[in-house]
Amino acid sequence: MPDAPVQSNRDKVADKAGAAARQPTSPIHELLDTVVYVAVLVIILKTFVAEAYDIPTGSMATSLLGLHREVTCEKCGYGILVNYRESEEWRGTSGRLAVCPNCRHTQPVPPRVYGGDKVLVAKTHYALTEPARMDVIVFMFPQEPTDPDYRPKNYIKRLWGLPGEKLSIWYGDLYLRTGGGGGDERREIIRKPAAKMLEMRRIVYDDDYRPRDLADVPRWLDEGPGQGWQPSPDGKGYQVRANEQPRWLRYRHLLRVPTGTLREQLESLEQLLRADRFAAAHQRQETEEQARHVRELLLEAERIARQPQLVTDFLDYNAGDGEQGFVNWVSDLMVECEVEVSRLDGEFYLELVSGADRHQVRFDLRTGRCRVQSWRHNHVLTQSPEAATGISSIGRHRVRFANFDARLTVWVDRRLPFGDGWDYAPPSEQDRGPCVADLRPVAIGARNTEVTVRHVQVWRDIYYTRTPYPPEMFDGRTPPVDLARLLSLSEEELRALKNDPLAKPEKWERCRGLQPMDYEVGPDQYFALGDNSPLSRDSRDWGLVPRHLLLGKAAVVYWPLDRWKRIR
């Protein structure tokens, strides 16, 4: 009888393991394995890689949204966003008004509250690389708690100041202070790359959403003699057949004055007069006088709606409770449109005005090349070399021209002929501030060619206020009509200035002579600001962010799906 094969202990163990592997596993056991595996994976990812955060407040609006309300403008159809405030829990929405950023129509705030953006934060990002300027960072609130039941809060802001730097906020822009102290110190403006410009811009006017009730006062107008720019046949753009003399289509910042509060006051006063017919004579006379004053303000509002105004840092997200916006003049603008070239000849222009400065990008339609040029007080300030673009054939092209942070940036069909832009020297202190030309701050021009422009939009840069809740904030106690008077010139005032585009009206003195607000960043600390500068509590208020409190870099908005985007 042959000897039986000898099996080692290791072979026996392997056979048992194989047999166990061949045995069927119950569905419940498989489900438990999967749940445990996913739970462990989520814990590992959340602890070491990434974590999801909800944004509750509007300090980063409208780049990132907190709890808010949404409504469509009744007059132009543009979407309005309105900040949700905790006080509404007990006070409700009574009296709050949504103000359209496109045409300034006011209407009641809807009751529905939408959740804030949900962002995915890369927690290990700053373990692998240093924080970079303009990153959107998430961190723990740096101040010591005073409440025994206080729970540490996480904040989300944009990083502007790095360790050891000296910063200034001046005329809405961020500056880096370099050199020695005293008279040797210099301020260098911090310039944004092109991708950040698009992420942080704010709408001024979208011509695709023209207010129906203001059709007789168009924003875009050719004010030259004879036949010039005309509405296109489809009514959605403008076309021109230009000869050797350039023809200009100029934007006028025409805005209705928000009158919702005024109309409510008038209705209340008229009801009081009807109800108190037998009131004392002096009381009735006082009420009638108040009603007359409100009627005069409403008539003045209609008149001002036909006068161009300065572009300001108004943000629909902050409107409500009578606050109709802010009155800081914004000089950094962007124009965007689709241009249809019908003849490869002549030139096409985009122009932006900023006080005493005038900036142009000029496209040579014969060669498809362009260049940017600036003038200050009508003297050449800077001029770029020519750069090739995609406008070298008959057809449609998307073009964009920005003057942000003393940098001129051009986009043609999503390409950047000059990279992030062509830099120029910011104006001196005496040259800062608005001129009459800022009442027509954007223009589209053509010479010796045939073009049609559509989908025209005007944008502005973020205006960083020197402090949160600035004293220049319009608090609702002053009628909006008075605010509009500060931003527009009457026909008499324009005639008195003889239409000199470089004239500086006295009523705009508040927009000049602004002093910089200086900040210093210590070692291993960072200076962070909210994109919604007027209503953001940030490093201007509670100080700097220590390195050890950084939780990570905001990487992507993953919810709601219609706002999905990468955070640059």
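The notes below deal with the structure included here.

Rules of the game
- Residues numbered from 1 in each chain as written.
- Predicted model: local features only at pLDDT ≥ 70, side-chain atom pairs only at ≥ 80, totals over all residues.
- Heavy atoms only, no water.
- Phe/Tyr/Trp six-rings, centres within 6.5 Å; stacked < 30°, edge-to-face > 60°.
- Helix = DSSP H or I, 4+ residues; strand = E, 2+ residues; numbered from the N terminus.
- Buried < 20%, exposed > 50% of the residue type's maximum accessible area, 1.4 Å probe, protein only.
- Lys NZ or Arg CZ within 6 Å of the ring centre and 35° of its normal.
- Core = buried A, V, L, I, M, F, W, Y, C linked by side-chain atoms within 4.5 Å.
- Contact = heavy atoms within 4.5 Å.
- Pairing = 2+ DSSP bridges.
- Axes fitted to C-alpha atoms, helices over the stretch in contact; angles between N-to-C directions.
- Salt bridge = Lys/Arg side-chain N within 4 Å of Asp/Glu carboxyl O.
- Arc of directions from axis to C-beta.
- Parallel < 35°, antiparallel > 145°, perpendicular 65-115°, else oblique.
- Left-handed = near helix turned anticlockwise from the far one by under 90°.
- Nonpolar A, V, L, I, M, F, W, Y, C, P; charged D, E, K, R; others polar.
- Expected span 1.5 Å × (residues − 1).

**Some thoughts on the packing of aromatic side chains**
Logical step 1: Under the defined criterion, the tally for this structure stands at 14 aromatic pairs.
Logical step 2: For the ring pair F348 and F363, a centre distance of 6.1 Å and an interplane angle of 35° mean the geometry is tilted. Residue F348 is found in strand β18 (residues 347-354), and its partner F363 is found in strand β19 (residues 357-364); the two are separated by 15 residues along the sequence.
Logical step 3: With relative accessibility at 2%, the residue F363 sits in the buried group.
Logical step 4: Taken together through their ring pairs, the aromatic side chains of F139, F141, Y155 and W542 make up a single cluster.
Logical step 5: Just above the ring of F314 sits the side chain of R104; from NZ or CZ to the centre is 3.8 Å.

**A closer look at the nonpolar core**
Logical step 1: By size, the foremost hydrophobic cluster in this structure holds 47 residues, and its most contacted members are W220, F348, F363, I444 and V453.
Logical step 2: Looking at which element gives the most residues to this core, the answer is strand β17 (residues 333-341), with 5 residues.
Logical step 3: Aside from chain neighbours lying at most four places away, what touches F363 is G346, E347, F348, R369, C370, T389, I391, V399, V410 and V412.
Logical step 4: V71, Y78, V109 and A402 belong to the second largest nonpolar core, which has 18 residues in total.

**Let's talk about the sheet that holds strand β10 (residues 173-178)**
Logical step 1: The 4 strands lie next to each other as β11-β10-β9-β28, forming an open sheet whose pairing is antiparallel. Every other strand in the sheet has two partners, leaving β11 (186-189) and β28 (517-520) as the edge strands with one partner each. Ignoring strand direction, the axes of neighbouring strands in this sheet form an average angle of 35°.
Logical step 2: Note that strand β9 (residues 166-170) and β10 share 4 bridges and pair antiparallel. If you follow I169 over to β10, its bridge partner there is L174.

**Observations concerning the pattern of salt bridges**
Logical step 1: As enumerated under the stated definition, the model contains 45 salt bridges in all.
Logical step 2: The residue E520 makes a salt bridge to R177 at a minimum N-O spacing of 3.9 Å. Taken as a pair, E520 in strand β28 and R177 in strand β10 lie far apart in primary sequence, 343 residues in all.
Logical step 3: On the accessibility criterion, E520 (53% relative accessible area) is exposed.
Logical step 4: R295 is the partner of E270 in a salt bridge, and the nearest nitrogen-oxygen pair spans 3.4 Å. Of this pair, E270 sits in helix α6 (residues 260-275) while R295 is found in helix α7 (residues 281-304), placing the two residues 25 residues apart along the sequence.

**Details of helix α8 (residues 480-487)**
Logical step 1: All of the buried residues in α8 are P480, V481, L483, A484 and L487. The buried residues of α8 occupy an angular sector of 155° when projected down its axis, which confines them to one face.
Logical step 2: Summarising the contacts, the buried residues of α8 are in contact with α6 and α7.

**Looking at the packing of α6 against α7**
Two packed helices can be described by the angle between their axes and the distance between those axes.
Logical step 1: In contact at an axis separation of 9 Å, α6 and α7 are set at 150° when each is read in the N-to-C sense. Here α6 lies roughly antiparallel to α7, going by the angle between them. The two elements α6 and α7 meet at a crossing, and its hand is left-handed. Counted together, L262, R263, Q265, L266, L269, E270, L272 and L273 of α6 and R284, T287, E288, Q290, A291, V294, R295, L297 and L298 of α7 form the full contact between these two elements.
Logical step 2: Tallied by class, residues from the contact of α6 with α7 come to 9 nonpolar, 3 polar and 5 charged.

**Details of α7**
Logical step 1: The terminal C-alpha atoms of α7 lie 35 Å apart, and with 24 residues this matches the ideal 34 Å at 1.5 Å per residue to within 8%.
Logical step 2: Along α7, the residues that are buried comprise T287, A291, V294, L297, L298, E300, A301 and I304.
Logical step 3: Elements that come into contact with the buried residues of α7 comprise α6 and α8.

**Points about the packing of α7 against α8**
Logical step 1: Orientation of α7 relative to α8, taken along the N-to-C sense of each, is 35°, at an axis distance of 10 Å. Crossing of α7 over α8 shows left-handed handedness. Together, L297, E300, A301 and I304 of α7 and V481, A484 and R485 of α8 make up the contact between the two elements.
Logical step 2: Looking at the contact of α7 with α8 residue by residue, the class counts come to 5 nonpolar, no polar and 2 charged.

**So, the pairing of β19**
Logical step 1: A large share of β19 lies buried, amounting to 6 of its 8 residues.
Logical step 2: As paired elements, β18 and β19 share 8 bridges and run antiparallel to each other. Bridge pairing in β19 places L350 opposite V361.

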